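Summary of the model geometry
What follows is each chain in one-letter form.
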Amino acid sequence: MTEQTALPDAPGTGVAGAKPDAAVVRDALGVGVAVGLSGFAFGVTSAGSGLGLAQTCALSLLVFTGASQFALVGALAAGGNPLTAAAGAFFLGVRNAFYGLRLSQLLALPRAVRPFAAQWVIDETTAVALTQPTRRGVRIGFTVTGLTLYVLWNLTTLLGALGAEAIGDTDAWGLDAAGPAVFLALLAPMLKNTTERAVAALAVLLGLGLLPVLPAGVPVLVAALAAPLVLWARGRRAGGAEAAAGRGAAEGENER
Amino acid sequence: MTVWIAIGVTAVGCYAVKLLGLLVPAGALERPLVRRLAALLPVALLAALTAQQTFADGRELVLDARAAGVAAAAVALLLRAPFLLVVAAAVVVTAGVRAMGG
């Protein structure tokens, strides 16, 4: 199995797809600006759910992981117990631990820097960082995406909360489709081989199928089991044949 | 006050899991299987989140204007449109379908 994490430190060292810093910055700004602007939708939704201006802004500043923020204000608006509401948001945030697991290999940050970098470990920064071919690119992508997104997300949250009354029904503006479109755009470049597609398909089935029967936030966590399940199934099908090792390696190389 | 408690618990919990991922010792990740798994987990989570935010209304599954919007985003992605355009397509199509009473 080829390791995606064995990155060269400098660009242009024979890696197919090595790209200039400006291209990395452009990618990062594209994601940072687009998602950062969608903080407006959060500000509007949160204010519409009855949270105060300070509470709405505190969520974006301190929680800074969109799905959890939306989940929390939704649960609170529905009259949920604060701890149950927080638990749902927390379960959604657990995926960031897996992103951190992956990012810590790619970023190779000094220990002292990690507590500061941690707040930016989210879907978007991970997606941008993972698609960069070099360590330098990974670091630039993570930092530019994180900074752009943090500044804009908080600014637009404030504006959204202030403008909530002016805009009225946010769903009428289609803003509730921004979230899934963002997730889809992040997911698409990761679906390069059959293993990844199988994982995505199974995760969709689990996420939707379990939605009506499990508490909010839990189906997504169960859907994460699609990853080990598919790996296990593929391992079994290979049946320990020697050929399997070769095929796995070839597939790993396709990922970049 | 209860809202502030919920915000505080969520903020601390979400920061803790972010930091945990970065602090797990590198030695634990040397095995190929763990790395392979860490690479596939975001795929599973993003796929599930996309599907849920498109089709979920609370704990029910519905087919509404969002599906048209996300389908438009998928087409934009296939055409290799830039990120902003992909999201804009979803928002505009969703709003358009709703405006037509969809």
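The rules behind each value
- Residues numbered from 1 in each chain as written.
- Chains lettered and ligands numbered in written order.
- Predicted model: local features only at pLDDT ≥ 70, side-chain atom pairs only at ≥ 80, totals over all residues.
- Helix = DSSP H or I, 4+ residues; strand = E, 2+ residues; numbered from the N terminus.
- Buried ≥ 20, exposed ≤ 12 C-beta atoms within 10 Å, placed from the backbone.
- Contact = placed C-beta atoms within 7 Å.
- Nonpolar A, V, L, I, M, F, W, Y, C, P; charged D, E, K, R; others polar.
- UniProt positions renumbered as here; feature names shortened; annotations may be inferred.
- Core = buried A, V, L, I, M, F, W, Y, C linked by C-beta atoms within 7 Å.

Points about the overall build of chain A
Of the regular secondary structure elements, chain A holds 14 helices and zero strands. Sequence-ordered secondary structure for chain A, helices as α and strands as β, is α-α-α-α-α-α-α-α-α-α-α-α-α-α. Taking all 256 residues of chain A together, the buried fraction comes to 51%.

A word on the interface of chain A and chain B
Residue-level contacts link 81 residues of chain A with 64 residues of chain B. Of the residues forming the side of chain A that touches chain B, the biggest block, 11 residues, is contributed by helix α6 (residues 95-107) of chain A. Each residue belonging to the side of chain A that touches chain B can be placed in one class, and the counts come to 58 nonpolar, 16 polar and seven charged.

A word on the environment of alanine 75 of chain A
With respect to the helices and strands, the residue alanine 75 of chain A is situated in helix α4 (residues 66-77). Each C-alpha atom, one on alanine 75 of chain A and one on alanine 216 of chain A, is 8.8 Å from the other, the two residues being 141 residues apart in sequence.

Focus: the UniProt feature "transmembrane region" (unreviewed entry) in chain B
Taking the numbering used here, the UniProt-annotated feature "transmembrane region" (unreviewed entry) corresponds to residues 6-25, 37-55 and 67-97 of chain B. Secondary structure over residues 67-97 of chain B splits into 87% helix and 0% strand, and the C-alpha atoms at its two ends are 10 Å apart.

Details of the nonpolar core
Core analysis: the biggest nonpolar cluster contains 117 residues, and Ala44, Val87 and Ala90 of chain B have the highest contact counts within it. With 13 residues, helix α2 (residues 32-55) of chain B is the single largest residue contributor to this core. Here alanine 90 of chain B is in contact with Ala177, Ala178 and Ala181 of chain A together with Gly69, Val70, Ala72 and Ala73 of chain B, once residues within four sequence places are set aside.

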